[in-house]
Amino acid sequence: AQSVTQLDSQVPVFEEAPVELRCNYSSSVSVYLFWYVQYPNQGLQLLLKYLSGSTLVKGINGFEAEFNKSQTSFHLRKPSVHISDTAEYFCAVFGTSYGKLTFGQGTILTVHP
Amino acid sequence: GAGVSQSPSNKVTEKGKDVELRCDPISGHTALYWYRQRLGQGLEFLIYFQGNSAPDKSGLPSDRFSAERTGESVSTLTIQRTQQEDSAVYLCASASGRGRELFFGEGSRLTVL
């Protein structure tokens, strides 16, 4: 079985501040990890992914995430957020033996001016 | 088409009626997923098709829910005798190969009165 826990349901920040959205997972098999973003009234789009190799992955819009196998975490970070980053962010794990993507509950990031 | 297409985009129905939601995946994608997103909640896995293999139906919440897919083409999610708790956005996604990166449609918003 596999599961994903996003530790914060809502994260309010001010514009240009740094942000970290936390994600922990559990799986009995090796995994691929993803962050998806859902802007208001839009579908989900891929922000970044970890498949193998370097544990620090960079995605679109200046976001990055670090895979930490020992802590089973895949936290998302951005050094300076913009108003346009306001959206809901979903962490997801793909167990290589299970063949399906399991999502966390989502974190609503609200960037205030 | 270029992306995953879902129809209808919005559906309002009366309790007890049957509804059918359609997903047209990206051409050539062998994997197709259905997820449900209730208001204020994360994505709930419903069903997964991979090529001609038997689908993974482990996420279907009751026997009122069923889905079909012929080959690698269109999929239909059917909800019989709809209930108010079925109100949600139903998201379809497709992926190539082992489905490590999912491409999502815009979703079908179902409202059961």
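Bear in mind the structure is a predicted one, so any value in this text is a computation, not a measurement.

Draft legend 1. Up close: the pairing of strand β6 (residues 65–69) of chain B. Side chains F65, A67 and R69 of chain B project from β6 of chain B onto a buried face, and the interleaved S66 and E68 of chain B project onto a face without burial. Taking the residues that link successive antiparallel strands as the turn, the β6 of chain B-strand β7 (residues 75–79) of chain B hairpin has five residues, and the phi of G71 of chain B there is positive, at about 60°.

Draft legend 2. Summary view of the state of the cysteines. This structure, assessed with the given rule, holds two disulfides over all chains. In this model C23 of chain A forms its disulfide with C91 of chain A; the gap between the sulfur atoms is 2.0 Å. When the S-S torsion is -65°, as for the bridge of C23 of chain A with C91 of chain A, the disulfide is left-handed. Residue C23 of chain A is found in strand β4 (residues 23–27), and its partner C91 of chain A is found in strand β10 (residues 87–95); the two are separated by 68 residues along the sequence. Neither C23 of chain A nor C91 of chain A differs from the other in exposure class; each is buried. Each sulfur of the disulfide joining C23 of chain B and C92 of chain B lies 1.8 Å from the other. The S-S bond linking C23 of chain B to C92 of chain B shows a torsion near -65°; that makes this disulfide left-handed.

Scoring rules and cut-offs
- Residues numbered from 1 in each chain as written.
- Chains lettered and ligands numbered in written order.
- Predicted model: local features only at pLDDT ≥ 70, side-chain atom pairs only at ≥ 80, totals over all residues.
- Heavy atoms only, no water.
- Buried < 20%, exposed > 50% of the residue type's maximum accessible area, 1.4 Å probe, protein only.
- Helix = DSSP H or I, 4+ residues; strand = E, 2+ residues; numbered from the N terminus.
- Pairing = 2+ DSSP bridges.
- Disulfide = S-S within 2.5 Å.

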